[in-house]
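Geometric and topological summary
The chain contents come next:
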Amino acid sequence: MTWIAAVAGLRARREPGVLVTVATVRGHAPRGAGAKLVVARGETWGSIGGGNVEAVAIDRAREMLAAATAEPELMDFALNDKVTNRHGVQCCGGTVSVLLEPLPVVRAVAVFGMGHVGLELARILARQDLDLHLVDSRADMLAPKRLDVLADAVAQVRVHHTPLLPEEVLEALPHGAHVLIMTHDHAEDAALCDAALRTTHLGSIGLIGSAAKWARFRKRLSTEGGHDDATIDRIKTPIGLADITGKEPATIAVSVAADLLRTFECAR
């Protein structure tokens, strides 16, 4: 498997990894600059030349994975018989610099409700490196022509038309997915809130709406849904930044996106 395929496979399986690249070479070395190795918790793909350099790089990459390190690192190696190495001697005679770049698990976001605000929000989030799930019970909201504005998306956009039970999408979302509930129907919103609280593998849960709407929902979640206060408090409402008060769809979308990106930063 090529290193590119290995990186794509890790992303698809939502597994972290480290991309190891020979950055510079002076003198003789087993591989030239640009050679790559992908390291996961239990597997590796590719090679930067074997021997001590590769073994030490793999050890360090797995330490980075265990510590969830986000910043890249540069390691220098002298390849001569005078250097004490952890995994034996490499005496090619040159020096090598190796760059280790963490490959974090790509975040997933699901937007339930692709009305005016939902579409504006999708346009913003599509510019991020995300798995972006767009869900609506109305087929016209997900029509290809309407979603043409996402044609140049950086995100991996996945569309879900769910005419009967949009909450069924929740179980299929990736582990840690962040959920934003903003459908056209308060009954649909309420059902999604209840189902989201019963779906234990989700990340944050956000609900658009007024304080009066949330008061009604909170009461129903407690009395009819049987959720305790701590569970109900998983839902954040209102969503968005409190000091952005505009009500235009694009303004609300910017506010909600900024609030979500701040959640991502706090989770690092």
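Read on for a plain summary of the structure. Bear in mind the structure is a predicted one, so any value in this text is a computation, not a measurement.

Another point: the sheet that holds strand β6 (residues 108-112). Here we have six strands laid out as an open sheet, ordered β8-β7-β6-β9-β10-β11, and parallel in their pairing. Each having just a single partner strand, β8 (156-161) and β11 (235-236) make up the two edges of the open sheet. Across three bridges, strand β9 (residues 178-181) lies against strand β10 (residues 205-207) in parallel orientation. Bridge pairing in β10 places I181 opposite L207. The strands touched by helix α3 (residues 116-125) are β6, β7 (131-136) and β9; relative to β6, the strand with the most contacts, the crossing angle is about 165 degrees. The sheet strands contacting helix α8 (residues 249-266) are β6, β9 and β11, and the helix crosses β9 at an angle near 160 degrees.

As a further point, take helix α1 (residues 3-13). Buried within α1 are the following residues: A6, G9 and L10. Projected down its long axis, α1 carries its buried residues within an arc of 100 degrees, all on one side. The exposed residues of α1 that point more than 90 degrees off its buried face are I4 and A12. Tucked inside the fold, the buried residues of α1 contact β1 (17-26), β2 (36-39) and β3 (44-46).

The sheet contact formed by β1 and strand β5 (residues 95-103) spans nine bridges and is antiparallel. Within β5, the position partnered with T21 by the bridge is L99.

Following both chains from N to C, one finds α3 and α8 inclined at 50 degrees, their axes separated by 8 Å at the closest point. Taken together, the axes of α3 and α8 are oblique relative to one another. Our pair here, α3 against α8, has a crossing hand that is right-handed. Within the contact between the two elements, α3 uses H116, V117, E120, L121, I124 and L125 and α8 uses P249, A250, I252, A253, V254, V256, A257 and L260. Class assignment for the residues of the contact of α3 with α8 results in twelve nonpolar, one polar and one charged.

This paragraph deals with the pattern of salt bridges. Side chains carrying opposite charge are able to pair once their charged atoms draw close together. Summed over all chains, the structure comprises 17 salt bridges. Residue R13 is joined to E15 by a salt bridge in which the shortest nitrogen-to-oxygen separation is 3.1 Å. Looking at R13, the relative accessible area reads 42%, which means it is partly exposed. E15 sits in the partly exposed class, given a relative accessible area of 33%. Where R218 meets D229, a salt bridge forms, and the shortest distance between an N and an O atom there is 3.9 Å.

The final tally for this structure, using the stated rule, is zero aromatic pairs. Here the basic side chain of K36 rests over the ring of W3, its NZ or CZ set 5.1 Å away from the ring centre.

For the pair helix α5 (residues 186-197) and helix α6 (residues 211-223), the least separation of the axes is 11 Å and the interaxial angle reads 50 degrees. Classified by the angle their axes make, α5 and α6 are oblique. Both α5 and α6 take part in a crossing whose hand is right-handed. Residues H186, D189, A190, C193, D194 and L197 of α5 touch α6, and the partners they reach there are K213, R216, F217, R220 and L221. Within the contact of α5 with α6, the residues separate by chemical class into five nonpolar, one polar and five charged.

The rules behind the values
- Residues numbered from 1 in each chain as written.
- Predicted model: local features only at pLDDT ≥ 70, side-chain atom pairs only at ≥ 80, totals over all residues.
- Heavy atoms only, no water.
- Pairing = 2+ DSSP bridges.
- Helix = DSSP H or I, 4+ residues; strand = E, 2+ residues; numbered from the N terminus.
- Contact = heavy atoms within 4.5 Å.
- Axes fitted to C-alpha atoms, helices over the stretch in contact; angles between N-to-C directions.
- Buried < 20%, exposed > 50% of the residue type's maximum accessible area, 1.4 Å probe, protein only.
- Arc of directions from axis to C-beta.
- Parallel < 35°, antiparallel > 145°, perpendicular 65-115°, else oblique.
- Left-handed = near helix turned anticlockwise from the far one by under 90°.
- Nonpolar A, V, L, I, M, F, W, Y, C, P; charged D, E, K, R; others polar.
- Salt bridge = Lys/Arg side-chain N within 4 Å of Asp/Glu carboxyl O.
- Phe/Tyr/Trp six-rings, centres within 6.5 Å; stacked < 30°, edge-to-face > 60°.
- Lys NZ or Arg CZ within 6 Å of the ring centre and 35° of its normal.

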